[in-house]
Amino acid sequence: MDAGDQEDRGVSIHGDVCGQDILARLDERADQAFSRAAGAPLIDGNRVRLLKDAGENYPAWLDAIGAAEQHIHFESYIIYEDDTGRRFADALIAKAREGVRVRLIHDWVGGLGKASGRFWNGLRAGGVEVRCYNPPRLGSPFGWLSRDHRKMLAVDGKMGFVSGLCVGRMWEGVPGGDIEPWRDTGVEVSGPAVAHIERAFAEVWAMMGEAIPEHELPGADEIDRAGDMRLRVVAGVPAMASVLRLDQLVATLARERLWLTDAYYAGLSTYVQALKAAARDGVDVRLIVPNATDILLLRPLSRAGYRPLLEAGVRVFEWKGTMLHAKTAVADGSWSRVGSTNLNIASWFGNCELDLVVEDASFAGEMEEMYLQDLSNATEIVLDVRQKLRAPRGPSRRPVTSGGRGSLGRAVAGAVRISNAVGAAFTDRRVLEPVEARLMAGAGIIFAVLAVILGFFPRVLAYPLMVVCAWLAVGLIYRSWRLYREGRRKRRY
């Protein structure tokens, strides 16, 4: 080997080493970026099992509850007072009577009209500690807008579950009937990450009363390794937008594919721009959303958000089953998210949410396989030659079993989309899409009608405004009195 060859080989080896060093530093920075965006560290040594629909999730939950020896922490946006809800209630009461510490959190808005006071009192009488998240309070007229939208279960620091499933008959469907189960996704976790799931529960529990004693919460270093999967437990709280930051970062870093499933999509303009930019760079961006809805007027509002995505190359599909309720993402065959967070402003900014982010190729492979299965039962939305939306194979006609939550979620999504478009028109801070012309016209007509009503029948609007102002006045005075009393007590001691 002559000197030139040696020199070339030395340069090659040096270049390879330098390249490996650069890649290692980039991986470190990516990990740091994800940790900062999500507010959650990467946790090693876990086992994660993907669970599809209630048929796989509910039995796993009930088995874990049945095996509990020390404590059960259960947090669910909705628990219906139906056969499914009572089955879970009976299981929790049975463990409480065995001496297991059972704590349960449910949401006030989520449970409104879904379960009676008798249902919750029955749980309490059976030994279950029940707390309701954020019911209306005199001193906080609009505080009830913040919701606990999480769905999780943790048992003895050994097993944890994070999902999009609430507890109700619609997730199981009607066996032998014409109503299929709702499509949803969850995960089962064992390993050190369970400690982080438990502490996410404890954070919300402490918002409503006395905190869980520290000695009852296991530390991650106290839990044995259960596998080799690395993951993050992203516990979102109101106004933090941790999942939004994470979703935008993933959309920015995705190189090959980004496949999304969402039940109540109403993306903010910043997130929409991230998806559009990824698609224009050649990333295979896909979004599966529900087709079925029990409010027909909201379908045009939902579809109004599709056009900007479609024009940029994002592929949008509508699920043909009864109801799609899953909230998942998988990117580049290595990164996955499963949990409770929808791609809309309510989930990103207003709610307590809980998601599991898994950075593992084998798990991502399972997620992609499941996604392709879902695509086989979905209709792609495309732009025809006149640039109008159309569904080639037509919409589903299957019935929807709903206690109203789907309607509320879609109404919020539609309202957000309208408010975004109207706000952009007034502030002139965002380029309005052509499809938003209809929203502008509709909003203009609504304001014109309100103006006519106010001109001829001012009391129609004056009375509700008077009630709101009175509530605000009483609430502020009440909070002022409480602060004054608290100040006097502190000065006394």
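Worth saying up front: this structure is predicted, and the values here are computed from it rather than measured.

### Looking at helix H9 (residues 269-280)
The α-helix winds at 3.6 residues per turn, so residues separated by three or four positions along the chain end up facing the same way.
Piece 1. Taking 1.5 Å per residue as the helical rise, H9 with its 12 residues ought to reach 16 Å, and the 16 Å between its terminal C-alpha atoms agrees with that figure.
Piece 2. Among all positions of H9, only Tyr271, Val272, Ala274, Leu275, Lys276, Ala278 and Ala279 are buried.
Piece 3. Buried residues in H9 make contact with helix H8 (242-253), strand E10 (257-261), strand E11 (284-290), helix H11 (306-312) and helix H12 (345-350).
Piece 4. Residue Gly282 follows H9 closely and has a positive phi angle near 100 degrees.

### Quick word on the environment of Glu366
Piece 1. Within the secondary structure layout, Glu366 lies in helix H13 (residues 361-375).
Piece 2. Linking Glu366 and Leu50, residues 316 residues apart in sequence, is a C-alpha distance of 7.7 Å.

### A look at the packing of helix H2 (residues 53-67) against helix H3 (residues 83-97)
Piece 1. At their nearest, the axes of H2 and H3 sit 9 Å apart, and the two run at 15 degrees to each other. By the angle class used here, H2 and H3 are roughly parallel. Crossing geometry of H2 relative to H3 is assigned as left-handed. Between H2, through Tyr58, Trp61, Leu62, Ile65 and Gly66, and H3, the contact on the second element is made entirely by Thr84, Arg87, Phe88, Ala91, Leu92 and Lys95.
Piece 2. Residue composition of the contact of H2 with H3, grouped by class: seven nonpolar, two polar and two charged.

### What about the side chain of Ser347?
Piece 1. Along the chain, Ser347 falls in helix H12.
Piece 2. From its side chain, Ser347 meets the backbone nitrogen of Asn342 in a polar contact 3.1 Å long.
Piece 3. Of the polar contacts made by the side chain of Ser347, one reaches the side chain of Glu353; its length is 2.8 Å.
Piece 4. Contacts of Ser347, omitting those with residues within four sequence positions, involve His149, Ser340, Thr341, Asn342 and Glu353.

### Brief notes about the pattern of salt bridges
Piece 1. This structure, assessed with the given rule, holds 22 salt bridges.
Piece 2. With its nearest N and O atoms 3.1 Å apart, the salt bridge here joins Asp53 to Arg183. Here Asp53, found in helix H2, pairs with Arg183, found in the loop between helix H6 (169-172) and strand E8 (185-190); they are 130 residues apart in sequence, far enough to count as distant. As far as burial versus exposure is concerned, Asp53 and Arg183 are alike and both buried.
Piece 3. The salt bridge involving Asp107 is made with Arg147; its shortest N-O contact spans 2.8 Å. Taken together, the residues span a long stretch of sequence, with Asp107 in strand E3 (residues 101-107) and Arg147 in strand E5 (residues 147-148) at a distance of 40 residues. Exposure class is identical for Asp107 and Arg147. Each is buried.
Piece 4. Three or more residues are tied together by salt bridges with common partners; here these are Arg101, Arg103, Glu129 and Glu216.

### Re the nonpolar core
Piece 1. Among the nonpolar cores identified, the biggest contains 44 residues, and Val48, Val187, Val189, Leu231, Val233, Leu356 and Phe363 are the most heavily contacted of them.
Piece 2. Mapped by element, the contributors of at least two residues to this core are strand E1 (43-52), strand E6 (151-155), E8, helix H7 (193-206), strand E9 (229-236), strand E12 (315-319), strand E15 (351-359) and H13.
Piece 3. When residues in this core are grouped by element, the largest group, nine residues, is from H7.
Piece 4. Ignoring anything within four residues of it in the chain, the contact list for Phe363 reads Val48, Leu50, Val187, Met229, Ser336 and Val358.
Piece 5. Counting 42 residues, the second largest nonpolar core, distinct from the first, contains Tyr58, Ile65, Val155 and Cys166.

### Some words on the packing of aromatic side chains
Piece 1. According to the stated counting rule, one finds 10 aromatic pairs in the structure shown.
Piece 2. Ring geometry for Phe201 against Trp205: centres 5.7 Å apart, planes inclined by 20 degrees, an arrangement best described as stacked. With Phe201 and Trp205 both in helix H7 and four residues apart, the pair spans about one turn of that helix. Trp205 shares its class with Phe201; the two are buried.
Piece 3. Taken together through their ring pairs, the aromatic side chains of Tyr58, Trp61, Phe74 and Phe88 make up a single cluster.

### Focus: H8
Piece 1. With 12 residues, H8 should cover 16 Å at 1.5 Å per step; its first-to-last C-alpha distance of 17 Å lies within 8% of that length.
Piece 2. Within H8, burial applies to Ser242, Val243, Leu244, Leu246, Asp247, Leu249, Val250 and Ala251.

Analysis parameters
Residues numbered from 1 in each chain as written. Predicted model: local features only at pLDDT ≥ 70, side-chain atom pairs only at ≥ 80, totals over all residues. Heavy atoms only, no water. Helix = DSSP H or I, 4+ residues; strand = E, 2+ residues; numbered from the N terminus. Expected span 1.5 Å × (residues − 1). Buried < 20%, exposed > 50% of the residue type's maximum accessible area, 1.4 Å probe, protein only. Contact = heavy atoms within 4.5 Å. Axes fitted to C-alpha atoms, helices over the stretch in contact; angles between N-to-C directions. Parallel < 35°, antiparallel > 145°, perpendicular 65-115°, else oblique. Left-handed = near helix turned anticlockwise from the far one by under 90°. Nonpolar A, V, L, I, M, F, W, Y, C, P; charged D, E, K, R; others polar. Polar contact = N/O pair within 3.5 Å; in protein donor to acceptor, adjacent residues only side chain to side chain. Salt bridge = Lys/Arg side-chain N within 4 Å of Asp/Glu carboxyl O. Core = buried A, V, L, I, M, F, W, Y, C linked by side-chain atoms within 4.5 Å. Phe/Tyr/Trp six-rings, centres within 6.5 Å; stacked < 30°, edge-to-face > 60°.

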